[in-house]
Amino acid sequence: MDDFVRDKLIQWGLSDWIYKFKDQGIDTESFYFLEDQDINDLIPKVGPRVRFKRRLKLFKEQDESNHCNESSQPTRSTGKRKLMELDIESSDEQPAAKQHCGEVQFSEERILSDVKKIMVHTLGKLRQQINTKLNNFLKKKIIGLNIDKREMVGVFGKTGAGKSSLINAVIGKKNFLPSGDLSACTSVMIKVEASINNKYEAEIEFITKEEWHDEVWSMLQYRGDVDQENDDDVDDGDCDDDNDEDEDDDNEKKLSALYGKDRKLTSLEQFMDPKNFKEIPEFLKSRTKTLTFDSAEMLSEGIIKYTRNDSNQGGGKEFNRLYWPLVKCVTIKVPNTAILQHVTLVDLPGNGDRNKSRDEMWKGIVGKCSTVWIVAEINRVAAEKECWEILKSTVSLLGNGGECQNIHFICTKSDHFEDFQDHSAEDRLALMLKRNTKAKEEVKTEFSKLLNVKKHFSEDSFEVFTVSSKEFLRGGLEENTEIPKLQKFLQDLNDCHSETLNYVSGAYGILSLIQGTRGKTGKNEEVYEELQRNKSAQVELIKKAMDKTYSDFEECLSKGVETSKCSFGKTLKTSLYPHKNRNRGFHRILKCLVQNGGIYKHKNKKEINLNMRLTSFLTNSIDEEFKKTFPNKGNTGPFNGVITQFSLNTEKLKQKYNDVELQLTFLKTEEEKVQTELNIMIRSGKKAVYSSLIKSIEETMQECYKNAARAEKTGALQNMRETIERHVRVSKDTMFEKAKKAMLAELQSLAEEIQETVERTMTEALELSFRTEDNAIPDVSAELEMVQKLYDELKRNSTKEMP
């Protein structure tokens, strides 16, 4: 949704439907073309729907009338009068800066709002003209100006480390997310972002009923297997029941939450009876449930049953169903929180989930995080293994397989000392500063030991903070906690300067093209030919850079293939024979692993991923080259900077061909636009390239896992081991080579898509700028003058703010 749609809904007294329009992606263009069925779906209530339809009809009629009147008197003064009616602050009349607290402050928000109004006005003009190729191109370009920038910050840490208190403090909401204990821990992901209205909202996304059916079936099967094994009393060595007890406990928590501890249910059909879900019909219909609250306290109370466990559930007290086992993700929208306008905080479990859809969502979110916060209590930060395991297990998803640029290790509860209040204020401060310094040194030392993590992240990407969230919210020790530093970081992340500049620059270019095509020049063909030569030369540079990348990747991967062939035996030995004399406990782990495609996940234990272990020598061979080719951080850009350096040399050509300066201005902004689009494409595409190795290994191993899962009771453990070992031994000459080819194929596909996008986009821009005759293009001289002034003002202020 853009400002135009939101402003109209507010103006028409329909602000309650803003979220619905935003959720359905209604922007300025689609707003104009809403049909009756679309409106019925958006506004199901009859009263508001009738008002909206009437308002929209009157608006369109008035808009058409205005454009007809304007077209009959196409003078520059008329254009300016129309712009003034849009409440746009022209530099001639009112400066875009605002008066605030005695100081004149530059307002990017106002500039962006003004330019958006101008472009909506221009879109209306174009809509009144004949649908020519150029006209359609221009309308598409205006609509494509809106790009919602959103950064994602993932928050990891064990329950009780202070994640909720940290988020509360950072966004300045004291009673927002409830603090938890270990028994309240669940696998639900919680997103926190800004709301566009004055209500607190919670959007609850469920797993499907089919997925819950399969999960309950697995839990019942597991219980049956354990009971049968205990009855048979089969043991190949000393018994290790820790995993069984943990698995049983996890399963029991889920079933007790939803069905109660004293449940009488025994069959799968009874567990899936719709009456168990009558409070959440959205689950049965695979829809999102939306809850609305007036305060943070009400929201905190209202979402508990969807996000947290109650260790006292049942046991004689009244049974209240908890639905967190069915929840995939909860998105909380907070009003009046400017710091989150373009930032989403995500409270994440540390190691994904056994449920496939939850795990896929978890991986997707982790891969989109531009920053992660690893949260641990300061008094155990050096000895806290879980937080370091989280970092080690997610590093490939965050680094080469993701978008992460910053890792922040946050030491919480910096004001927690024994007998803290017995000391004077001065002594308390000294104690805190001393421990904070020591904690930071210990954390940095631990980070320096993580060699695999450092393949993906350099030390300048890693920073340590010490915080006291509760004291900060109470108004104490503000100067001695680094919560303000984290808030400043989010403010910088939230900064929409690049979004504003991209929009205004793009608008300036579009208006330049519209006005430029109204003039005629005999040099159009000459300029076109020179620009075509420049474009071909630039595309050739891109191709050479990508051919070099392909060659470098092939060389690295070939070494990885040979290492994998020689080392697979050691990988299998450590994976299939981890413990001596503990076969029965490991039998169940391996059984779960082969039933789950090579992956064993446990809530409280380290994940075993045989596919990843078999792929490790290939990923190790390519990690350094991959990081250099697709850096997440820095100014070079992907493919050694060839994308960021792309240029048609339009600035130099303006001096030679000043009569087509407007068209060249458009092409300059089009260069910047295509660079932005390519960087987005590459950010997504590089994830597919990196993940192709393990996906290929997974595919090769699937038949093996299915065969191993069929192993009979007697000697099942040894049969599973031998099946896996035999398959890898037979497949080693083809499996690793196939994975190498899969990565190179994905890389080649990405390279071809990049080249095709550049060629197609710039060829179309050149054709329409210099080889298109269109007499139906409207006069936008007034709009161009206004946007140029705002663009120049934006650039001037950007230059002043640069260090």
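Basis of the calculations
Residues numbered from 1 in each chain as written. Predicted model: local features only at pLDDT ≥ 70, side-chain atom pairs only at ≥ 80, totals over all residues. Heavy atoms only, no water. Helix = DSSP H or I, 4+ residues; strand = E, 2+ residues; numbered from the N terminus. Buried < 20%, exposed > 50% of the residue type's maximum accessible area, 1.4 Å probe, protein only. Contact = heavy atoms within 4.5 Å. Areas by Shrake-Rupley, 256 points an atom, 1.4 Å probe, with all protein chains shown as cover. Pairing = 2+ DSSP bridges. Axes fitted to C-alpha atoms, helices over the stretch in contact; angles between N-to-C directions. Salt bridge = Lys/Arg side-chain N within 4 Å of Asp/Glu carboxyl O. pLDDT = per-residue confidence, 0-100. Parallel < 35°, antiparallel > 145°, perpendicular 65-115°, else oblique. Nonpolar A, V, L, I, M, F, W, Y, C, P; charged D, E, K, R; others polar. Core = buried A, V, L, I, M, F, W, Y, C linked by side-chain atoms within 4.5 Å. Phe/Tyr/Trp six-rings, centres within 6.5 Å; stacked < 30°, edge-to-face > 60°. Lys NZ or Arg CZ within 6 Å of the ring centre and 35° of its normal. Left-handed = near helix turned anticlockwise from the far one by under 90°. Expected span 1.5 Å × (residues − 1). Bend = angle between axes of the 7 residues up to and from the residue. Polar contact = N/O pair within 3.5 Å; in protein donor to acceptor, adjacent residues only side chain to side chain.

### What to know about the overall build of the chain
Here comes step 1: Across its full length, the chain holds 29 helices and 13 strands.
Here comes step 2: Every one of the 803 residues in the chain was classed for burial, and the buried ones make up 51%.
Here comes step 3: Restricting to contacts in the chain with at least 6 residues of sequence separation, those with at least 24 account for 79%.
Here comes step 4: Looking at the chain as shown, the accessible area adds up to about 38100 Å², and 47% of this sits on carbon and sulfur atoms.

### Some thoughts on the sheet that holds strand 9 (residues 369-377)
Here comes step 1: Read from one edge of the open sheet, nine strands run 6-5-7-4-8-3-9-10-11, paired in mixed fashion. Sheet topology places strand 6 (289-293) and strand 11 (462-466) at the edges, where each strand pairs with a single neighbour. Strand-to-strand twist of the sheet, defined as the mean angle between neighbouring strand axes without regard to direction, takes the value 20°.
Here comes step 2: Docked against the sheet, helix 17 (residues 385-398) engages strand 3 (151-156), strand 9, strand 10 (406-412) and strand 11, running at close to 170° with respect to strand 9.

### Some points on the pattern of salt bridges
Here comes step 1: Summed over all chains, the structure comprises 42 salt bridges.
Here comes step 2: Where Glu279 meets Lys305, a salt bridge forms, and the shortest distance between an N and an O atom there is 2.8 Å. Placement of the pair is Glu279 in the loop between helix 12 (268-271) and helix 13 (281-284) and Lys305 in helix 15 (residues 304-307), with a sequence separation of 26 residues.
Here comes step 3: Owing to a relative accessible area of 38%, Glu279 belongs among the partly exposed residues under this scheme.

### Re the confidence of the model for the chain
Here comes step 1: Per-chain confidence: the chain averages 84 in pLDDT, with 83% of residues scoring 70 or above.
Here comes step 2: By mean pLDDT, strand 1 (residues 98-100) is the weakest element of the chain at 35, and helix 25 (residues 610-629) is the strongest at 96.
Here comes step 3: Predicted confidence is poor over residues 90-105, with pLDDT under 50, and the contacts of this stretch with residues over four places away or in other chains come to 29 contacts.
Here comes step 4: Every residue in residues 231-240 is under pLDDT 50, and counting partners more than four places away or in other chains gives twelve contacts.

### Re the packing of helix 16 (residues 356-368) against helix 17
Here comes step 1: Two numbers describe how helix 16 lies on helix 17: the axes approach to 8 Å, and their chain directions differ by 70°. As far as their axial angle goes, helix 17 and helix 16 are roughly perpendicular. Across the interface between the two elements, Trp362, Lys363, Val366 and Gly367 of helix 16 pack against Thr394, Leu397 and Leu398 of helix 17.
Here comes step 2: Here the contact of helix 16 with helix 17 is composed, by residue class, of four nonpolar, two polar and one charged.

### Some details on the environment of Ala439
Here comes step 1: Inspection of the secondary structure puts Ala439 in helix 18 (residues 425-448).
Here comes step 2: Ignoring sequence-local partners within four residues, the contact set of Ala439 consists of Ile378, Val381 and Cys411.

### Examining the nonpolar core
Here comes step 1: Counting 99 residues, the largest nonpolar core has Met119, Ile724 and Ile754 as the members making the most contacts within it.
Here comes step 2: When residues of this core are assigned to their parent elements, the largest contribution, 20 residues, is made by helix 28 (residues 716-770).
Here comes step 3: Once residues lying within four places of it in the same chain are set aside, the contact partners of Ile754 are Ile542, Met546, Phe639, Ile643, Leu678, Met681 and Ile682.
Here comes step 4: Val188, Tyr323, Trp324 and Leu340 belong to the second largest nonpolar core, which has 61 residues in total.

### Let's talk about the packing of aromatic side chains
Here comes step 1: A full pass over the atoms with the stated rule returns 18 aromatic pairs.
Here comes step 2: With centroids separated by 4.9 Å and ring planes inclined at 55°, the aromatic side chains of Phe277 and Phe283 adopt a geometry described as tilted.
Here comes step 3: For Phe283, a relative accessible area of 1% corresponds to the buried category.
Here comes step 4: Here a set of aromatic residues connected by ring pairs shows up, and it is made of Trp12, Phe21, Phe31, Phe52 and Phe59.
Here comes step 5: Lying across the ring of Tyr503, Lys116 places its NZ or CZ 5.5 Å from the centre.
Here comes step 6: The aromatic ring of Trp362 is capped on one face by Lys601, whose charged end is 5.9 Å from the ring centroid.

### Quick notes on the packing of helix 7 (residues 108-127) against helix 8 (residues 133-143)
Here comes step 1: Taken N-terminus to C-terminus, the directions of helix 7 and helix 8 make an angle of 155°; their axes are 10 Å apart at the nearest point. In this view, helix 7 runs roughly antiparallel relative to helix 8, as classed from their interaxial angle. In the crossing of helix 7 with helix 8, the sense of the turn from one axis to the other is left-handed. Here helix 7 contributes Met119, Thr122, Leu123, Leu126 and Arg127 to the contact with helix 8, which in turn contributes Asn135, Leu138, Lys139 and Ile142.

### A short note on helix 27 (residues 661-709)
Here comes step 1: With 49 residues, helix 27 extends 70 Å from end C-alpha to end C-alpha; this agrees with the ideal 72 Å at 1.5 Å per step.
Here comes step 2: Residue Ser692 marks the point of greatest curvature in helix 27, where the axis turns by about 40°.

### With respect to unusual backbone geometry
Most peptide bonds adopt trans geometry, and most residues besides glycine take a negative phi value.
Here comes step 1: For Ser286, which is not glycine, the phi dihedral falls at a positive 55°.
Here comes step 2: The topology assignment puts Ser286 in the loop between helix 13 and strand 6.
Here comes step 3: If you check the backbone angles, Lys413 has positive phi at about 60° while not being a glycine.
Here comes step 4: Here Lys413 shows up in the loop between strand 10 and helix 18.

### Description of the environment of Glu554
Here comes step 1: Along the chain, Glu554 falls in helix 23 (residues 524-576).
Here comes step 2: Residue class for Glu554 comes out partly exposed when judged on its relative accessible area of 32%.

### Some details on the side chain of Asn609
Here comes step 1: Following the sequence through the fold, Asn609 ends up in strand 13 (residues 605-609).
Here comes step 2: In this structure the side chain of Asn609 is engaged in a polar contact, spanning 3.1 Å, whose partner is the backbone nitrogen of Asn611.
Here comes step 3: Contacts of Asn609, omitting those with residues within four sequence positions, involve Gly598, Ile599 and Ile694.

### What to know about the pairing of strand 3
Here comes step 1: Within strand 3, five of the six residues are buried, which leaves the element mostly enclosed by the surrounding structure.
Here comes step 2: Here strand 3 pairs with strand 8 (residues 343-347) via five bridges, running parallel. The residue bridging Glu151 from the neighbouring strand is Val343, located in strand 8.
Here comes step 3: Relative to strand 9, strand 3 runs parallel, the two being bridged by five bridges. Residue pairing across strands places Val153 opposite Thr371, the latter belonging to strand 9.

### Here's the deal with the side chain of Lys333
Here comes step 1: By secondary structure assignment, the location of Lys333 is in strand 7 (residues 327-334).
Here comes step 2: With a relative accessible area of 7%, Lys333 lands in the buried category.
Here comes step 3: Not counting the four nearest positions on each side in its chain, Lys333 is found in contact with Tyr19, Glu193, Ala194, Ser195, Lys199, Tyr200, Glu201 and Glu203.

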